[in-house]
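# Survey of secondary and tertiary structure
So you can see what is in the structure, the chains are spelled out below.
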Amino acid sequence: MKLALYLPNFRDNVTVKELEDLTALAEDLDFDSVWTLDRIVVPEASDRAELQFPFGMMTEFPKGMPVVSRGKWFQGMTLIPWLAAKTQKVRIGMSIIDTPYRSPGVLAAELATQDHLAGGRLNVGVGSGWMPEEFAAASVPQLFPRRHAHVRETIEIMQGIWSNELFEYHGEFADFPLSGFGHKPIQQPGPPIYFSGLKDARRSARRIAKYGLQGWIGIQDTPEEISRWRGEIERELGELGRGFPEGFDVCSMIWFVITDEPMDQSPAGKGTNLLAGTAQQVEDMLKRYRDAGMTMPLLWPPFRDVPTSKTLDDLKRLTEEIMPKVNAA
């Protein structure tokens, strides 16, 4: 099982120094990757739990964000070149890029440059977004009903630009003549693309099969949900005459903290304490995840009440004390 760090760039009053310290430790501990979070805005209505939809359109979450609208956080995409300069080994990416907020051709060209800055270490996570208020802030409210189609076109344009000296595209969201876009990514035929599909296994399977995607990313998934998702996607792929691509990653973004006292881990939907618990609880859960088919948890420091110094210690304990037992079992 690989380990990934989900940087807390979306947290009240987070500092650059905290992000730098966490990234440096992930590199020192030989983590597979470091990921940022894509968040354009927190509407003021979120403070009153009056968003149109709960987080990710998942009913287990409230209609409010875990960060207040007046909070101070950092934009995930802007951090990627900084991470490229700060690291040498660890892979980097954003989980996930909400494609409707970006022009597909511009995004593809910028990601190619990022791959060069990172020396061929870029991962690309893509998804459709879920918050109408954020679409409005990004000046694309008209794309909300067509957001899933926008993801498909973006993937096609990225792969076309990355793989061809000249490329043209004539679609619903982008229409441009035969053009060059500068440097191709170091990684060929392009950086691995991870897909965040939280609702529809059939849609996920079709995209994995059609575009050769290299990973699926969920959020706060139990081992049972991981097993179900993996099984459903595998079944859908089978009906398409395909299987999982070699090295395919099954991932989930999960809140992580090691506690002194046992945590209540009884099922509570997406609010379950999955990797929040004692060292033994974390070890047991990681073993269950491994057996369920998860290849890489994205460890997500809590939004509040846990200082970065505590997270740094927890990451050390995880790699030095817990993971050797998980991997040996």
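What counts, and at which threshold
- Residues numbered from 1 in each chain as written.
- Predicted model: local features only at pLDDT ≥ 70, side-chain atom pairs only at ≥ 80, totals over all residues.
- Heavy atoms only, no water.
- Pairing = 2+ DSSP bridges.
- Helix = DSSP H or I, 4+ residues; strand = E, 2+ residues; numbered from the N terminus.
- Salt bridge = Lys/Arg side-chain N within 4 Å of Asp/Glu carboxyl O.
- Buried < 20%, exposed > 50% of the residue type's maximum accessible area, 1.4 Å probe, protein only.
- Contact = heavy atoms within 4.5 Å.
- Axes fitted to C-alpha atoms, helices over the stretch in contact; angles between N-to-C directions.
- Parallel < 35°, antiparallel > 145°, perpendicular 65-115°, else oblique.
- Left-handed = near helix turned anticlockwise from the far one by under 90°.
- Nonpolar A, V, L, I, M, F, W, Y, C, P; charged D, E, K, R; others polar.
- Expected span 1.5 Å × (residues − 1).
- Arc of directions from axis to C-beta.
- Core = buried A, V, L, I, M, F, W, Y, C linked by side-chain atoms within 4.5 Å.
- Phe/Tyr/Trp six-rings, centres within 6.5 Å; stacked < 30°, edge-to-face > 60°.
- Lys NZ or Arg CZ within 6 Å of the ring centre and 35° of its normal.

### Points about the pairing of strand 7 (residues 175-179)
Bridging between strand 6 (residues 167-170) and strand 7 involves 3 bridges; their strand directions are antiparallel. Bridge pairing in strand 7 links F167 to S179. What sits between strand 6 and strand 7 in their antiparallel hairpin is a turn of 4 residues.

### Examining the pattern of salt bridges
Within the structure shown, the criterion is met by 18 salt bridges. Note that D21 and K17 form a salt bridge whose closest N and O atoms lie 2.8 Å from each other. Of this pair, D21 and K17 both sit in helix 1 (residues 16-28), 4 residues apart, which is roughly one turn of that helix. The class of D21 is partly exposed, set by a relative accessible area of 26%.

### A look at the environment of Q88
For Q88, the position within the fold is in the loop between helix 2 (76-86) and strand 3 (91-94). Placed 127 residues apart in sequence, Q88 and G215 show a C-alpha to C-alpha distance of 23 Å. Contacts of Q88, omitting those with residues within four sequence positions, involve E27 and R121.

### Points about the packing of helix 1 against helix 2
Look at helix 1 against helix 2: their axes get within 11 Å of each other, and the N-to-C directions meet at 50°. As judged from the angle between their axes, helix 1 and helix 2 are oblique. Viewed along their axes, helix 1 and helix 2 form a crossing whose handedness is right-handed. Seen from helix 1, the contacting residues are V16, L19, E20 and T23; seen from helix 2, they are L79, W82, L83 and K86. In terms of residue class, the contact of helix 1 with helix 2 is made up of 5 nonpolar, 1 polar and 2 charged.

### Observations concerning helix 7 (residues 223-239)
Here helix 7 contains 17 residues, and its C-alpha end-to-end distance of 24 Å stays within 8% of the 24 Å for a straight helix at 1.5 Å per residue. When helix 7 is considered as a whole, its buried residues turn out to be P223, E225, I226, W229, I233, E236 and L237. The buried residues of helix 7 occupy an angular sector of 165° when projected down its axis, which confines them to one face. Contacts made by the buried residues of helix 7 are with helix 6 (201-211), strand 9 (215-219), strand 10 (249-258) and helix 8 (279-292). At the exit of helix 7 stands G241, carrying a positive phi of roughly 75°.

### Here we look at the nonpolar core
Counting 73 residues, the largest nonpolar core has V124, M158, W162, I233, L275, L315 and L318 as the members making the most contacts within it. Not counting chain neighbours up to four residues away, the residues in contact with L275 comprise I254, W255, F256, V257, V282, M285, L286, Y289, P297 and L299.

### Some details on the packing of aromatic side chains
Applying the stated rule across the entire model yields 17 aromatic pairs. Relative to F144, the ring of F53 lies with its centre 6.2 Å away and its plane at 15°, an arrangement referred to as stacked. Of this pair, F53 sits in the loop between strand 2 (33-36) and helix 2 while F144 sits in the loop between helix 4 (132-137) and helix 5 (147-163), placing them 91 residues apart in sequence. Ring centres of Y101 and F135 lie 5.1 Å apart, and the angle between their planes is 80°; on these two criteria the pair is classed as edge-to-face. Of this pair, Y101 sits in the loop between strand 4 (97-98) and helix 3 (104-117) while F135 sits in helix 4; the two residues are 34 residues apart in sequence, bridging distant segments of the chain. Of the two residues, Y101 and F135, neither departs from the other in class, the shared state being buried. Counting every residue linked through ring pairs, the aromatic cluster contains Y6, F10, F55, F61, W73, W130, W255, W300 and F303. If you follow R147 out to its NZ or CZ, it ends over the ring of F144, 4.1 Å from the centre. Of note, R230 hangs over the ring of F244, and the distance from its end group to the ring centre comes to 4.8 Å.

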